[in-house]
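# Chains, contacts and geometry: an overview
Below are the chains, spelled out letter by letter.
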Amino acid sequence: MKNYLKLLLATAMMFTFSAVHAQKEIVVALGDSVTLTSTNEGTKYEWSSSTDCSGFYKIVPAENERTLKFRAFGENYYRVRWTNADGKSTYADTVKVVI
């Protein structure tokens, strides 16, 4: 089963990509509202971010939801780890938010 991550921006743009392929990049204006939504059916979602995509990701606090909403105030990489009903965890592909 392919993993998908859908990105919705306040500007009504929509991006969809396969989470098992290449990293995606989106460009937004400083302070824009960004909404990232996992299209995977899961029982748990863990969002994390990184400033350089080097392998160190910080868990976004209090975000165990299918959707992550934030204001863009700097270049960051985001990903979600979702857990299905069988307890298997999978990371979706990384998305880079560029100002």
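Described in the following lines is the structure provided in the data block.

Parameters and conventions
- Residues numbered from 1 in each chain as written.
- Predicted model: local features only at pLDDT ≥ 70, side-chain atom pairs only at ≥ 80, totals over all residues.
- Heavy atoms only, no water.
- Helix = DSSP H or I, 4+ residues; strand = E, 2+ residues; numbered from the N terminus.
- Buried < 20%, exposed > 50% of the residue type's maximum accessible area, 1.4 Å probe, protein only.
- Contact = heavy atoms within 4.5 Å.
- Phe/Tyr/Trp six-rings, centres within 6.5 Å; stacked < 30°, edge-to-face > 60°.
- Lys NZ or Arg CZ within 6 Å of the ring centre and 35° of its normal.

## Digging into the overall build of the protein
Looking only at helices and strands, the protein has zero helices and ten strands in total. The N-to-C order of helical and strand elements in the protein reads β-β-β-β-β-β-β-β-β-β. Counting across all 99 residues of the protein, residues that qualify as buried make up 43%. Sequence separation of at least 24 residues holds for 58% of the intrachain contacts in the protein that already meet a minimum separation of 6.

## Looking at the packing of aromatic side chains
Under the defined criterion, the tally for this structure stands at one aromatic pair. It is Arg79 that lies over the ring of Tyr57; its NZ or CZ is 3.9 Å from the centre.

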